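Residues per chain are reported as follows:
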Amino acid sequence: MPTSKRLRPPVVAVTGAASGIGRAFLAKVASSADFRRVVAIDDQRGDVPDVTWRVLDIRDPLLANRISDVDVLVHLGTDISLDTDASERRRYNVRAAQTVLTACAAARVRRVVLVTSAMVYGAAADNPVPLPEDSPVAAEPDTGIVGDYLEIEALVRRSLRSHPGLEVTVMRPAALVGQGIDTVVTRHFEAPRLLVVKGSLPRWQFCHVDDLVSALELAALGQVGGVVAVGSDGWLETDQVEELSGLRRFELPAGLTFGTAERLHRLGITPAPATDLHYVVYPWVVDCAALREAGWKPIWANDAALQELLELREGRHAVVGRRLSGKEATITAAGATVAVIGTAAIVRAARRKKRV
């Protein structure tokens, strides 16, 4: 009896396929027998062989014409760079997600998979550890990357109402770790000390890119759907992180920490809003229940992921708000704020000592 068309392996398309997480996912599915064909979409041709490359800007409304033969689209063409102008990044990310969702509905692509972040749950001192997957979205809408993720998820909700036939899965990874990952969290570990807000200790959960890629594959195949949290099992306490990293903590009151960070951002000294600091001082650990029920297990434990993060940061240092390399580089986000706040606290303490 011939196999019905409905049971044939799907054709999967990947946006942002030439670099970063998009390339990592593309390389994984390019040789997978679970997909009939793999289509790579980016504004430049990448180096992964044995896939169909389609070079175009994913914000182009003509995208719908280029994905008419696609069953599943995994959207990984999001700009998460800390160095991109915030307003430009927001315009790009929102327009790209909007175009992808509209084009997929028009082209009758049956499933779309997008990646945001577990940051959308918000980081707070009183967060349960871990947060259930169905916890409310409580992050503050701001000018940082978290604000971009909130806008993208709002687009998803509107799209589901407008296009009820379109299936959309939103993957929310914990703090990402891996080659090329540069975020508020990874830069935090470039600072000379680990910032702790008095009265609260962060718990650390990571998501290695390898584990995100394997989770994305399950989502592309429809084995998980809806909102899906991704991360290593459990979490690390602050004492464990200090022991593994060799970095010592310094504690500051919340008012001083966030007030100083906000002033620095307003002055243009740090590119990320003060709310980004919440993600390195308060917990936002997630329970990956949907993936666990689907039989998925992370390859990377939190301690191994942290070790890789520490190895990848070798040679990078945040000193008084600036990352220094061969020549002065861009101002960091959380790591910079930690260094600046720490310096301010030391100066204040020295002044007090002088007066005594």
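Residues numbered from 1 in each chain as written. Predicted model: local features only at pLDDT ≥ 70, side-chain atom pairs only at ≥ 80, totals over all residues. Heavy atoms only, no water.

A. Structural view of the confidence of the model for the protein chain. The predicted model of the protein chain averages 88 in pLDDT, with 86% of residues at 70 or higher. Under a pLDDT of 50 for its full length, residues 318-336 has, in the predicted model, 55 contacts with residues more than four places off or in other chains. (pLDDT = per-residue confidence, 0-100. Contact = heavy atoms within 4.5 Å.)

B. Summary view of empty space enclosed by the protein. Within the structure shown, the criterion is met by three cavities of 30 Å³ or more. Taken as a whole, the largest cavity holds about 160 Å³ of empty space. Of all the secondary structure elements, the ones that give two or more residues to the lining of the largest cavity are helix 4 (145-162), strand 7 (175-177) and helix 5 (184-188). Classifying every residue of the lining of the largest cavity by side-chain character gives 12 nonpolar, three polar and one charged. Approximately 80 Å³ is the volume found for the second largest cavity. Lining the second largest cavity are A174, A175, V185, P202, R203, W204, Q205, Y279, Y282, W284 and V285. Looking at side-chain class alone, the lining of the second largest cavity contains nine nonpolar, one polar and one charged residues. (1 Å grid on protein atoms, 1.4 Å probe; cavity = no way out; pocket = protein on both sides within 12 Å on 5 of 7 lines; lining within 4 Å. Points joined across faces, edges and corners; volume = space filled by probe spheres on them. Helix = DSSP H or I, 4+ residues; strand = E, 2+ residues; numbered from the N terminus. Nonpolar A, V, L, I, M, F, W, Y, C, P; charged D, E, K, R; others polar.)

C. A look at the pattern of salt bridges. Summed over all chains, the structure comprises 17 salt bridges. Between R23 and D47 there is a salt bridge, with the nearest N and O atoms lying 2.8 Å from each other. One end of the pair, R23, is in helix 1 (residues 20-30); the other, D47, is in the loop between strand 2 (37-42) and strand 3 (52-55), with 24 residues separating them in the sequence. With a closest N to O distance of 3.0 Å, E167 and R111 form a salt bridge. Of this pair, E167 sits in strand 6 (residues 167-173) while R111 sits in strand 5 (residues 111-115), placing them 56 residues apart in sequence. Exposure remark for E167: the relative accessible area of 33% places this residue in the partly exposed category. Given the relative accessible area of 9%, R111 is considered buried. Bridged by salt links that share partners, the residues D239, E242, R249 and E251 form one connected network. (Salt bridge = Lys/Arg side-chain N within 4 Å of Asp/Glu carboxyl O. Buried < 20%, exposed > 50% of the residue type's maximum accessible area, 1.4 Å probe, protein only.)

D. Inspection of the environment of V38 at higher detail. Looking at the element boundaries, V38 is found in strand 2. Distance in space between the C-alpha atoms of V38 and A13 is 5.8 Å, their sequence separation being 25 residues. Those residues in contact with V38 that lie beyond four places of it in its chain are V12, L26, V29, A30, V51 and T52.

E. Layout of the layout of surface pockets. In this structure, the largest pocket spans a volume of roughly 810 Å³. Surrounding the largest pocket, 33 residues form its lining, S19, G20, L76, T78 and D79 being those nearest its centre. Sorting the residues of the lining of the largest pocket by element identifies helix 1 and helix 6 (209-220) as the ones contributing at least two each. The biggest single contributor to the lining of the largest pocket is helix 1, with three residues. Grouping the constituent residues of the lining of the largest pocket by class yields 12 nonpolar, 14 polar and seven charged.

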